[in-house]
Amino acid sequence: MGVPGWFSRGRTESERFDDAINASPRQRPDEFAEELALVGALRELGQAGDPDPATRARIRAEIEGRIGEPLPRRRWRPRMADLAAAGIALILGLGGLTLLLSRDALPGDALYSVKRAGEVTSLGLTFGDEAKAEKHLKFAANRVTELGRMSDASPSAYQTALHDFSGDVRAGVAELTELATTSGNRTRLTTLESWAQSQSRQLESEQADVPASALSDFRQARLLLDRVQQRSSALGSRLSCYQITTGTTDELGLLPARGACTQQPLPPGGSTPSSPPPVAGSSVPPTDSPLPVRSVSSPTLSNPGTPSPTPTSAEVPHPPAPPSVSPPITAPTPPRIPTRPAPPPVVSIPPLLPGLPPIVIG
């Protein structure tokens, strides 16, 4: 097996350099004198950097002491911001849970006040007068529904429910009647009257379960619904009148006007007939109808002995004369006055010597 010459030569030099490093200083050849001197200097530098036995013992004792002791742990101390954030989160969580549990609360329960607070918050987050009025009527209908579920409630609970019902009815009706009379929307008043009738029937069905001490409040609620029906009907009947309301209000809103229903007057400069009616007995045909066509015989084709009939003025229709339209009158323009250029500024120089006049330029 042949080996290249350069590879054999390089291997021989490496082996000889290895033998020279491991040999004693006296037996080292002079071939690698510089390399062997560098290796010796590196060995001496490494031996000089070694710690002495005392330093090694001290380092070993310190390492063994640290390994035997437990590592110190940092104690966590809550900051004020963390405490505030935790408190807010706790309050929001409890509030949301309480509001969720209070959905089925009835008047007289411990969570009924929380339910009413949620309704007030929902009303405050509602935008638009019509939407708020509908919210009031929805809450009032909820009170009537809750009356049917209050079987063993106390008289004070019935009074609370009827009081909240009346408050929501007044607020909702006042806003809806104002919107209806302002925009002239009869549909809103009709819907309000139908709602009051349905709530009155439902409220009447719950009268048997109402305690005797709360019957006066119950009658006031029934009377309030009757007034809502009368108010919406009266306002609806006057929407086409010139005066719909008196301008004064009560607990249900605007009061309807009384007296005769005067229609709204027409605006000045109303529509006028485009053309006057035709005069009776006139023989002039209208301008839009075509004129009658009469056949006239030519004198060259007729018999020479027969005289041709001469048309009279009564037989020949005359077209109507076009209406005379006066030319537009233009406003006289005032005469134009020529403008003069602005005079140049006057420059006055005081006299240079006493007794001489000043110098004026311009």
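Residues numbered from 1 in each chain as written. Predicted model: local features only at pLDDT ≥ 70, side-chain atom pairs only at ≥ 80, totals over all residues. Heavy atoms only, no water.

A.B. asks: In this structure, what is going on with the overall build of the chain? I would like to understand it.
C.D. replies: Secondary structure summary: the chain contains nine helices and four strands in total. Starting at the N terminus, the α and β elements of the chain follow one another as α-α-α-α-α-α-α-α-α-β-β-β-β. In the chain, which comprises 362 residues, the proportion classed as buried is 20%. Summed over its atoms, the accessible surface of the chain is roughly 28,200 Å², and 59% of this surface lies on carbon and sulfur atoms. (Helix = DSSP H or I, 4+ residues; strand = E, 2+ residues; numbered from the N terminus. Buried < 20%, exposed > 50% of the residue type's maximum accessible area, 1.4 Å probe, protein only. Areas by Shrake-Rupley, 256 points an atom, 1.4 Å probe, with all protein chains shown as cover.)

A.B. asks: Where do I start with the side chain of Gln199 in this structure?
C.D. replies: Structurally, Gln199 is set in helix H8 (residues 186–205). Setting aside residues no more than four positions away along its own chain, Gln199 makes contact with Ala141, Val144 and Leu225. (Contact = heavy atoms within 4.5 Å.)

A.B. asks: Whenever I open this one, the pattern of salt bridges confuses me. Can you help?
C.D. replies: Working definition: two side chains of opposite charge can pair if their charged atoms are close together. By the definition in use, this model includes eleven salt bridges. For Asp168, the salt bridge identified is with Arg116, shortest N-O distance 3.4 Å. Of this pair, Asp168 sits in helix H7 (residues 155–183) while Arg116 sits in helix H5 (residues 112–124), and the two are 52 residues apart along the sequence. Considered together, Asp168 and Arg116 belong to a single accessibility category, that of buried residues. Linked by salt bridges that have partners in common, Lys115, Arg116, Glu119, Arg143, Glu146, Asp164 and Asp168 make up one network. (Salt bridge = Lys/Arg side-chain N within 4 Å of Asp/Glu carboxyl O.)

A.B. asks: What is the right way to look at the side chain of Glu146 in this model?
C.D. replies: Positionally, Glu146 belongs in helix H6 (residues 129–149). Those residues within four positions of Glu146 in sequence are excluded, and the remaining contacts are Ala105, Leu106, Pro107, Tyr112 and Lys115.

A.B. asks: Would you explain the packing of H7 against H8 in this entry?
C.D. replies: Think of two packed helices as two axes; the pair is described by the angle between the axes and how far apart they sit. Relative to each other, H7 and H8 sit at 155°, their axes nearing to 9 Å. Relative to H8, the element H7 lies roughly antiparallel. Across from Val169, Val173, Leu176, Thr177, Leu179, Ala180 and Ser183 in H7, the residues of H8 making contact are Arg188, Leu189, Leu192 and Trp195. (Axes fitted to C-alpha atoms, helices over the stretch in contact; angles between N-to-C directions. Parallel < 35°, antiparallel > 145°, perpendicular 65-115°, else oblique.)

A.B. asks: Sorry, what's going on with the pairing of strand S1 (residues 245–250) here?
C.D. replies: Along any regular strand the residues' side chains alternate between the sheet's two faces. Taken together, the three bridges between S1 and strand S2 (residues 253–256) define a ladder with antiparallel strand orientation. Residue pairing across strands places Asp250 opposite Gly253, the latter belonging to S2. Joining the antiparallel neighbours S1 and S2 is a turn of two residues. (Pairing = 2+ DSSP bridges.)

A.B. asks: Explain the nonpolar core here, please?
C.D. replies: Note that soluble globular proteins tend to have their nonpolar side chains buried in a common cluster. Among the nonpolar cores identified, the biggest contains 28 residues, and Val169 and Trp195 are the most heavily contacted of them. Within the residue set of this core, elements represented by two or more residues are H6, H7, H8 and helix H9 (215–237). A total of eight residues in this core trace back to one element, the largest contributor, which is H7. Look past the residues within four positions of Trp195 in its chain and what remains in contact with it is Leu137, Ala140, Ala141, Val169 and Leu225. Ala180, Leu189, Leu235 and Ile244 belong to the second largest nonpolar core, which has five residues in total. (Core = buried A, V, L, I, M, F, W, Y, C linked by side-chain atoms within 4.5 Å.)

A.B. asks: What should I look at first to understand the environment of Ala180 in this one?
C.D. replies: Positionally, Ala180 belongs in helix H7. Linking Ala180 and Leu239, residues 59 residues apart in sequence, is a C-alpha distance of 8.9 Å. Other than its neighbours up to four places away in sequence, Ala180 contacts Asn185, Arg188, Leu189 and Leu239.

A.B. asks: What exactly am I supposed to notice about the confidence of the model for the chain here?
C.D. replies: Any residue range with low pLDDT should be treated as having predicted coordinates unsuitable for detailed reading. Here the chain averages 74 in pLDDT, while 65% of its residues score no lower than 70. The model gives residues 270–306 a pLDDT under 50, and that stretch makes four contacts with residues more than four places away or in other chains. The low-confidence segment residues 333–338, where pLDDT is below 50, has zero contacts with residues more than four positions distant or belonging to other chains. (pLDDT = per-residue confidence, 0-100.)

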